[in-house]
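# Overview (structure and organization)
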Amino acid sequence: MKKIISGYFYRLIKGFEIWIVVGLFLISTVYFLIQFRQQIFISCSEDFVITRLDTTIKKEDIRDHCYANLNISVRDLYRCYSEPVPEETYEKIDDIRNFASNECYAVLGITGYLPVIPTIIVLLIIPVFFGRLFSDSTIKNLVSCGHSKRRVFFSALLFCFALELIMVFAEIIEFALFCIIYQWNPPIYLPVLLLWLLTKLASMFTLTTAAISVLFISRMKTVTFIAGCLLTVCLFVCLSQPVKEMLHESYSSKDKDCMSFEEHSQIAEDYGLNAFEFDIDLTAFRERIYYEDKECFPLGDTSLSPAQRTLLLTIIYLDPTMLSNTEGQDFGLYLEYRDGLMAINIAANIFWITLISAAGIFVFNKREIHG
């Protein structure tokens, strides 16, 4: 398998496909750096100022309001607005003049973006590169030389995974260099960021596996290209969103022993969001809010039968794009990390990678290779 993968890389470097990869990656790099620049609050402009409500912050004072100079815990920054943090820390984070929360959202957004461009590039390359391997009988020759079809398939899959990881690693280096150049010390909380990145990588591998399987089953470039375009949509759209909405709408509100909206608003005004604790109810795919052990706005009964509710939850949790919601997360990323949604999504993607690759190998084994 190692020799086959080495051969794939050799053909990629010697062929024209490498220029497609390099060209697209360079274009995406420029876009990536522009996004970085827009997401942080350091500018080279001489008269740069930031106005927030009635507060104007001059360029020379910006760093005083960034995470690095606020003397707060990075863990508290990530879990703020999800569970109570020390009051002094909350006041700094919630201060409209400070940028720590924005820096946190920027880092989370950048981390989630890292696998997007590599996935798109590889989905475009698969029909071109591997389609040519089919058309010039390279795949047939590999099988004729004694390599099993399973080994050839897995070699192609691992080659694509490696190519994607190389590009993701390059983007991480770009980000690190960007931070050094602009002297930005971003809030990095590894437990959340690593699991979030693994979640996005798992989704990337699922889409890649699907594209490779389509090609090895159909052996048609056009079909694989169309499939790749459709799979690209999955990077930005949650397929189970209608099911989520159906489940949410099935629950009625609970009137008895329920905190009123006015009470909730008054507490939020008096004590801020730091007074509340948030949890994800995995049995209802809903967020629950608590104030001093009393639940705010508890759920009422559902109009669905237990079997129907279980079916909807199964569809949601098996959805490899469950956390690919471009309109915003269903819950905060810290909650999705803490309460297990990210781990569930990774497991779902592993399930689909295994199932799709098994189907691809099964059909590929059954078909004769012509050419």
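Residues numbered from 1 in each chain as written. Predicted model: local features only at pLDDT ≥ 70, side-chain atom pairs only at ≥ 80, totals over all residues. Heavy atoms only, no water.

## Some points on unusual backbone geometry
Rules: Secondary structure elements are defined from DSSP: runs of H or I of at least 4 residues count as helices, runs of E of at least 2 residues count as strands, and each element is numbered from the N terminus. Categorising residues by exposure relies on relative accessible area from a 1.4 Å probe, with only protein chains included: less than 20% of the type maximum marks a residue as buried, more than 50% marks it as exposed, and the intermediate range marks it as partly exposed.
Although it is not a glycine, Tyr81 sits at a positive phi angle of roughly 75 degrees. With respect to the helices, strands and loops of the structure, Tyr81 is situated in the loop between α3 (74-79) and α4 (87-94). Judged by relative accessible area, which is 23%, Tyr81 ranks as partly exposed. Despite not being glycine, Phe285 has its phi angle at roughly 50 degrees, a positive value.

## Here's the deal with the pattern of salt bridges
Using the following cut-off: Salt bridge criterion: a side-chain nitrogen from Lys or Arg within 4 Å of a carboxyl oxygen from Asp or Glu.
One pass over the full model with this rule turns up 6 salt bridges. A salt bridge links Arg79 to Glu83, with the nearest nitrogen and oxygen atoms 2.9 Å apart. Residue Glu83 is classed as buried on the basis of its relative accessible area of 11%. We note a salt bridge from Asp279 to Arg338, for which the minimum N-O separation is 2.6 Å. Remark: Arg338 occurs in helix α14 (residues 333-338) and Asp279 occurs in strand β4 (residues 277-281); sequence separation between them is 59 residues. What emerges from the salt-bridge pattern is a single network uniting Asp76, Arg79, Glu83, Asp279, Arg338 and Asp339.

## Looking at a nonpolar patch on the surface
What counts, and what does not: Patch building starts from residues that exceed 30% relative accessible area and form no salt bridge, then joins like charges within 9 Å and nonpolar side chains (Val, Leu, Ile, Met, Phe, Trp, Tyr) within 5 Å. Values of accessible area rely on a 1.4 Å probe in the Shrake-Rupley scheme; residue burial ignores everything except the protein chains shown.
On the surface, a nonpolar cluster with roughly 550 Å² of combined accessible area is contributed by Phe169, Ile173, Leu177, Ile180 and Ile181. Topologically, Ile181 is positioned in helix α8 (residues 149-181). Taking the relative accessible area as the measure of exposure, Ile181 reaches 65% and is therefore exposed.

## Structural notes on the sheet that holds strand β6 (residues 294-296)
This is how it is decided: We treat two strands as partners when DSSP finds at least two bridges between them. For helices, the axis comes from a line fit to the C-alpha atoms of the stretch in contact; other axes are also lines fit to C-alpha atoms, and the angle between any two N-to-C directions lies between 0 and 180 degrees.
Strand order in this open sheet of 3 strands is β4-β5-β6, and the pairing throughout is antiparallel. Only two strands of the sheet have a single neighbouring strand rather than two, namely β4 and β6. Geometrically, the sheet is characterised by an average inter-axis angle of 40 degrees between neighbouring strands, direction not taken into account. Where β4 lies against strand β5 (residues 286-291), 5 bridges are found, and the strand directions are antiparallel. Across the sheet, residue Phe278 finds its bridge partner in β5, namely Ile289.

## Section: the confidence of the model for the chain
This is how it is decided: The predictor rates its confidence in each residue with pLDDT, a number between 0 and 100. Any two residues whose heavy atoms approach within 4.5 Å at even a single point are treated as in contact.
Taken as a whole, the chain shows an average pLDDT of 82; of its residues, 84% reach a score of 70 or greater. Summarising per-element confidence for the chain, the mean pLDDT is lowest in strand β1 (residues 49-52) (47) and highest in helix α9 (residues 190-218) (94). The model gives residues 41-53 a pLDDT under 50, and that stretch makes 37 contacts with residues more than four places away or in other chains.

## Structural notes on the packing of aromatic side chains
How two aromatic rings sit relative to each other is set out by the distance from centre to centre and by the angle between their planes. Defined as follows: Between rings of Phe, Tyr and Trp, where Trp is taken as its six-membered ring, a pair exists when centres lie within 6.5 Å; planes separated by under 30 degrees are stacked, by over 60 edge-to-face, and by other angles tilted.
Following the criterion strictly, the structure yields 16 aromatic pairs and no others. Geometrically, the ring pair formed by Phe153 and Phe154 is edge-to-face, given 6.0 Å between the ring centres and 85 degrees between the ring planes. Here Phe153 falls in the buried class, since its relative accessible area comes to 0%. Using a relative accessible area of 28% as the deciding quantity, one classes Phe154 as partly exposed.

## Here we look at the pairing of β5
Taken together, β4 and the strand that follows it, β5, pair antiparallel across an intervening segment of 4 residues, in which Phe285 is found at a positive phi of about 50 degrees. Examined bridge by bridge, β5 and β6 share 3 bridges and lie antiparallel to one another. Residue pairing for β6: Tyr290 is matched across the bridge by Glu295. Once β5 ends, the chain turns through 2 residues before running back antiparallel as β6, passing Glu292 with a positive phi of about 50 degrees.

## Let's talk about the packing of helix α6 (residues 116-135) against helix α10 (residues 221-233)
Our working rule: Each angle is binned into one of four classes, with values under 35 degrees roughly parallel, values over 145 roughly antiparallel, values of 65 to 115 roughly perpendicular, and all other values oblique. Take the far helix as your reference; a near helix turned counterclockwise from it by less than a right angle gives a left-handed crossing, and one turned clockwise gives a right-handed crossing. When residues are grouped by polarity, Ala, Val, Leu, Ile, Met, Phe, Trp, Tyr, Cys and Pro land in nonpolar, Asp, Glu, Lys and Arg in charged, and all others, Gly among them, in polar.
One can describe the packing of α6 onto α10 by two numbers: an axis separation of 9 Å at closest approach and a directional angle of 165 degrees. With respect to their mutual orientation, α6 and α10 come out roughly antiparallel. Note that α6 runs across α10; the crossing there is right-handed. Along the contact surface, α6 presents Ile120, Leu123, Leu124, Ile126, Pro127, Gly131, Arg132 and Ser135, while α10 presents Lys221, Thr224, Phe225, Gly228, Leu231 and Thr232. Looking at the contact of α6 with α10 residue by residue, the class counts come to 7 nonpolar, 5 polar and 2 charged.

## Notes on the side chain of Asp76
Mapped onto the secondary structure, Asp76 falls in helix α3. Here Asp76 falls in the buried class, since its relative accessible area comes to 9%. Every residue in contact with Asp76, bar those within four places of it in the chain, is listed here: Val85, Pro86, Thr89 and Ile93.

## Notes on a negative patch on the surface
Definition in use: Charge counting follows a simple rule: Lys and Arg are positive, Asp and Glu are negative, and His as well as the terminal groups are ignored. The atom standing in for a charge is NZ when the residue is Lys, CZ when it is Arg, CG when it is Asp and CD when it is Glu.
Taken together, the side chains of Glu87, Glu88, Glu91 and Asp94 make up a negatively charged region of the molecular surface. Structurally, Glu87 can be placed in helix α4.

## Some details on the environment of Gln183
Mapped onto the elements, Gln183 comes out in the loop between α8 and α9. For the pair Gln183 and Arg63, spaced 120 residues apart in sequence, the C-alpha separation works out to 9.8 Å.

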